[in-house]
Structures are given as C-alpha cells and as structure tokens.
Amino acid sequence: IPAKYLTEIEKSKLGEHCLEDASLSVEEKKKLFRSQILVAGENFGCGSSREHAPWALEEAGIRCVIAPSFARIFENNMFANGLLCITLAKEDIDSLVNLKPKSFKVNLEEGVLHGTVYFDTGSYGNDFTFSLSDHQKELVKTGGSVGVMLRLATELQKEGKI
C-alpha cells in the first residue's frame, strides 16, 4: 500500500489501493482482485512495517502470499492478522509460475500446497511443501492474534482462572 494511504482509518478503503504502485498490467490488476493467493518475489513486504499492508491485501481478497522470502515485520503482521505466508524456494516458485495452476489447495496441517492444471482430458497437479510453526498455524486458523487471545480467555474462564 503506498505510504500516502497510511493515514486511512477505514480498513475497507485500503484494498482499493492494494499494490497501486506496483508495475502490474490492467489484466494483472483485475486478476489480483479476483484471487485469494498472490505469488510474489523475494523479500515481499519490504518497507511495510505497519498492519496496513496485510489489511490492504485482505481487503483486496488476498488470504495467502507465496514468496521465496518475506520482510520479517510484514510476515509477522500477516500472521497476526490471520493471513498466511508460504515460503517456497525460488526454484519452486519458478516451477509454480510455469505450471500456471487454475486452482490451489493449501493443507495447513501437512504443509502442502497443491496446484492443479486442468486439461480437456483430465488434470495435472504438483505438490510443494512448506513449514509453519504450530503458533503460525493457530494464528491462521483463529483469524490472528485477537482470535488466539479470545480462545485463551475462553479456556481460562472455563478453568475458573478469570
């Protein structure tokens, strides 16, 4: 999200400006707003030290970013907001891009991304493995840090500790 929008107080407005300054064609921008997964390059999120970047992606419909590496603060903010970052080797990213899958399936528990290409005679798929910590998986499943805190508060309340 361009820095000029960091004063925006309505989260919904951020999606309109998602990747606005990126050199994307008109068709690529249309695809972006119809997608849930974004495949990106090295050090994705560099310069994005606020929650606005993940919020903009989320409001644009993106739930997962796949890249060879992520800027540390951006990656932490993605997970804190319940969004998924998948780190794949550059060779796997290249293979994934060349595959041009029409659909993706993410198995969070097993750490497998499956891309499928459909043909008139059937389909072909390829699996890519990734790893996440248990905490990262929990953040994605519960919708982020707030979801984790609410779950913990509920457990403590059931135990009579709060």
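Our structure is the block above this text.
Residues numbered from 1 in each chain as written. Predicted model: local features only at pLDDT ≥ 70, side-chain atom pairs only at ≥ 80, totals over all residues. Heavy atoms only, no water.

1. Some thoughts on the sheet that holds strand E5 (residues 112–119)
For clarity, the threshold we go by: Pairing between strands is defined by DSSP: at least two bridges between them are needed. Under the DSSP-based scheme used, a helix requires at least four consecutive residues in state H or I and a strand at least two consecutive residues in state E, with every element numbered from the N terminus. Working convention: axes come from line fits to C-alpha atoms, limited for helices to the stretch in contact. Angles between N-to-C directions cover 0 to 180 degrees. Any two residues having at least one pair of non-hydrogen atoms within 4.5 Å are treated as being in contact.
Spatial strand order, E4-E5-E6: three strands in an open sheet with antiparallel pairing. Strands at the two margins of the open sheet, each flanked by one partner only, are strand E4 (103–107) and strand E6 (122–129). The average angle at which neighbouring strand axes cross in this sheet is 20 degrees, direction not considered. Contacting E4, E5 and E6, helix H5 (residues 90–99) crosses the sheet at an angle of about 165 degrees to E6.

2. Here's the deal with helix H7 (residues 145–158)
Note the threshold: Given a helix with a known number of residues, its expected span is that number minus one, times 1.5 Å.
Taking 1.5 Å of rise per residue, the 14 residues of H7 would be expected to cover 20 Å, and the 20 Å separating its terminal C-alpha atoms lies within 8% of that figure. Remark: glycine 160 follows H7 within two positions and exhibits a positive phi of approximately 75 degrees.

3. Quick notes on the packing of aromatic side chains
The line we're drawing: Pairs were defined over the aromatic rings of Phe, Tyr and Trp, the Trp ring being its six-membered one, requiring ring centres within 6.5 Å. Orientation was assigned from the angle between planes: stacked under 30 degrees, edge-to-face over 60, tilted for the rest. Each residue's exposure class comes from its accessible area (1.4 Å probe, protein chains only) as a fraction of the maximum for that residue type: buried when under 20%, exposed when over 50%, partly exposed otherwise.
With the rule as written, the count across this model stands at two aromatic pairs. A ring pair is formed by phenylalanine 44 and phenylalanine 74, whose centres lie 5.4 Å apart and whose planes are at 75 degrees; its orientation type is edge-to-face. Here phenylalanine 74 lies in helix H4 (residues 72–80) and phenylalanine 44 lies in the loop between strand E1 (37–39) and helix H3 (52–59), a separation of 30 residues in the sequence. Residue classification places phenylalanine 44 among the buried residues on the basis of a relative accessible area of 16%. Phenylalanine 74 sits in the buried class, given a relative accessible area of 1%. Ring geometry for phenylalanine 70 against phenylalanine 74: centres 6.4 Å apart, planes inclined by 15 degrees, an arrangement best described as stacked. In textbook terms, an aromatic cluster arises when at least three aromatic residues are bridged by ring pairs, as seen for Phe44, Phe70 and Phe74.

4. Some words on the nonpolar core
This is how it is decided: Take the buried Ala, Val, Leu, Ile, Met, Phe, Trp, Tyr and Cys residues and link them wherever side-chain atoms come within 4.5 Å; each set so joined is a nonpolar core.
Counting 36 residues, the largest nonpolar core has Phe44, Leu57, Val65, Ile66, Phe74, Leu84 and Leu88 as the members making the most contacts within it. Elements that contribute at least two residues to this core include exactly H3, strand E2 (64–67), H4, strand E3 (84–87), H5 and helix H6 (134–142). For this core, the element with the most residues is E2, which contributes four residues. Those residues in contact with phenylalanine 74, other than ones at most four positions away along the chain, are Phe44, Gly45, Ser48, Ala53, Pro54, Leu57 and Cys85.

5. What to know about a nonpolar patch on the surface
This is how the line gets drawn: Only residues whose relative accessible area exceeds 30% and that take part in no salt bridge are eligible for patches, with like-charged residues grouped when within 9 Å of each other and nonpolar side chains (Val, Leu, Ile, Met, Phe, Trp, Tyr) grouped when within 5 Å. Methods summary: accessible areas were calculated by the Shrake-Rupley approach with a probe of 1.4 Å, and residue burial reflects only the protein chains presented. Whenever a carboxyl oxygen of Asp or Glu lies within 4 Å of a side-chain nitrogen of Lys or Arg, that contact is scored as a salt bridge.
Judged by side-chain polarity, Val146, Met149 and Leu150 come together as a nonpolar surface patch covering roughly 320 Å² of accessible area. Here methionine 149 is to be found in helix H7.

6. Concerning the pairing of E4
Strand residues, when the strand is regular, have side chains that alternate between the two faces of the sheet. As defined by bridge partners, E4 adjoins E5 across five bridges and the pair is classed as antiparallel. Residue pairing across strands places lysine 105 opposite histidine 114, the latter belonging to E5.

7. Considering the pattern of salt bridges
If you walk through the whole model with that rule in mind, you get eight salt bridges. Among the ionic pairs, arginine 34 bridges to glutamate 27, the shortest N-O distance being 3.7 Å. Taking relative accessible area as the criterion, glutamate 27 reaches 42% and is therefore assigned partly exposed.

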